[in-house]
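Analysis of the macromolecular model
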Amino acid sequence: MKYIVLMESSLVYDKSAESYFETDIYPPAPMKTKNPIAALMHAAERNGLKVFMSCGFYGIWYHTKENITGEAVKERAFKAMKQLYELYGDNKAFYGWYLPDETEINPYFDEDFIKYVNEYAEYGRSFNKNLKILIAPYGTRFACTDEHYIEQLKRLDCDIIAYQDEVGVEKSTTEETRVYFERLNKAHKIAGKSAIWADMETFQCEGKVYFSNLIAADSERVKKQMESISDYVDEIIISDVDEWVLKNTVDNLQDALSATIIPQSDDKIAAESADFSIASSTMIPVKENILKKVPDALTIV
């Protein structure tokens, strides 16, 4: 593990908002940890990890178009970026900025999105020119990697584009992603600009996509996902669970095991505070390392 991409430094809903660092923009999130981002940055620095700090969300999180075009949203986001860099800019783990208001490639980048990326990149690098800019667009399967797309890549002022493989949401298959990423790789080489990464979905849905619980994908499928794209990308990143996924995972385990499952903030705390704890991973090397250190561990999947 080398990188942490933080999805949000604040989160805005229809009727409420909360922040995860010390700021006067929104009230603090109702969490036991008073300053979650400070805890994250200290842990990342201690473990030699690189963090892409989130520039969002400073408008209602699912109102993407309004967020990338709204001046009031940009004003709040820029204020937050300044505060975040003042707080954590000296931290060795602060590697760059992640722009979470993603748009769909269909079949090209939205021009408003390009403008948004370039404005945030310029401001984000005003604190430190060496900070990296990361975006992770969806609609990978629609990308038309022709001359116009290559021209857009040249105009996008970002260091890394981590394309979502969309296998978890069942919009693509592992056979198809090989073709998509091969085409994108060729376009990036011609453009000579942003590095190409993959945002690989290691989850699957229990039932209907978007309307059912997320669970860990079958390890064989994850292996196929990696094999399909690894020749065409520099890095592969995956999504960790959010609180909604954690809650549903805990509920599912309680039903399946007829036991009380107590979630904790990390594996170490969970192991120290329980007579019996469960550590789950969709990554085979992580599983193997756990089994080496905990010989009595039970492999469920």
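In what follows, the structure referred to is the one given above.
Overview of the structure. One numbering rule holds for all chains: residues counted from 1, following each sequence as written. Only residues with pLDDT of at least 70 are given local features in this predicted model, and only at 80 or more are side-chain atom pairs given and counted; all residues enter the totals for whole chains, interfaces and linings. Here the side-chain values reflect all heavy atoms present in the structure, with hydrogen atoms and water set aside.

On to the sheet that holds strand S7 (residues 160-164). We treat two strands as partners when DSSP finds at least two bridges between them. A run of DSSP states H or I qualifies as a helix once it reaches four residues; a run of E qualifies as a strand once it reaches two. Both are numbered from the N-terminal end. Pairing within the open sheet is parallel, and its 7 strands lie in the order S1-S4-S5-S6-S7-S8-S11. Sheet topology places strand S1 (3-5) and strand S11 (235-238) at the edges, where each strand pairs with a single neighbour. Across the sheet, the mean angle from the axis of one strand to that of its neighbour is 25 degrees, orientation sign disregarded. Contacts were defined at the residue level, with two residues in contact if any of their heavy atoms lie within 4.5 Å. Think of each axis as a best-fit line through the C-alpha atoms, taken over the contacting stretch in the case of a helix, with angles from 0 to 180 degrees between the N-to-C directions. Each of strand S4 (50-54) and strand S5 (94-98) touches helix H3 (residues 71-88); the most contacted strand, S5, lies at about 170 degrees to it.

Further remarks concern the side chain of Ser 9. Mapping Ser 9 onto the fold places it in the loop between S1 and strand S2 (10-12). Buried means the residue's accessible area, taken with a 1.4 Å probe over protein chains only, is under 20% of the maximum for its type, while exposed means over 50%, and partly exposed covers the values in between. In this structure Ser 9 comes out as buried when scored by relative accessible area, which is 0%. In protein, a polar contact means a hydrogen-donor-capable atom and an acceptor-capable atom, both N or O and within 3.5 Å, with residues adjacent in sequence counting only if both atoms are side-chain atoms; elsewhere, any N or O pair within 3.5 Å suffices. At a separation of 3.1 Å, a polar atom in the side chain of Ser 9 contacts the main-chain carbonyl oxygen of Ser 54. For Ser 9, the side chain forms a polar contact with the side chain of Tyr 58, separated by 2.8 Å. Once residues within four sequence positions are removed from consideration, Ser 9 is found in contact with Ser 19, Tyr 20, Phe 21, Ile 37, Ser 54, Cys 55, Gly 56, Tyr 58 and Leu 84.

Turning to the packing of aromatic side chains, a few remarks are in order. Note on aromatic contacts: the rings of Phe and Tyr and the six-membered ring of Trp form a pair at centre separations within 6.5 Å, being stacked when their planes are under 30 degrees apart, edge-to-face when over 60 apart, and tilted otherwise. Applying the stated criterion across every chain yields a total of 19 aromatic pairs. Aromatic pair Tyr 85 and Phe 94: ring centres 5.5 Å apart, planes at 75 degrees, arrangement edge-to-face. Of the residues examined, Tyr 85 reaches a relative accessible area of 18% and is grouped as buried. You can call Phe 94 buried: its relative accessible area is 8%. Seen in terms of ring centroids, Phe 109 and Phe 113 are 6.1 Å apart; in terms of plane orientation they differ by 10 degrees. Their pairing is stacked. In this structure an aromatic cluster arises from ring pairing among Phe 78, Tyr 85, Phe 94, Trp 97, Phe 109, Phe 113, Tyr 116, Tyr 120, Tyr 123, Phe 127 and Tyr 149.

What follows concerns helix H6 (residues 174-191). Under the convention used throughout, the expected extent of a helix is 1.5 Å for every residue step, that is, one less than its residue count. Helix length check: H6 (18 residues) gives 26 Å between terminal C-alpha atoms against 26 Å at 1.5 Å per residue, within 8%. Buried residues of H6: Thr 174, Thr 177, Tyr 180, Phe 181, Leu 184, Asn 185, Ala 187, His 188 and Ala 191, and no others. All buried residues of H6 fall inside an arc of 165 degrees around its axis, so they share one side. In H6, the exposed positions angled more than 90 degrees off the buried face are occupied by Glu 175, Lys 186, Lys 189 and Ile 190. Contacts from the buried residues of H6 go to helix H5 (147-155), S7, strand S8 (195-200) and helix H7 (219-229). The directions considered for the arc are those from the helix axis to the C-beta atoms.

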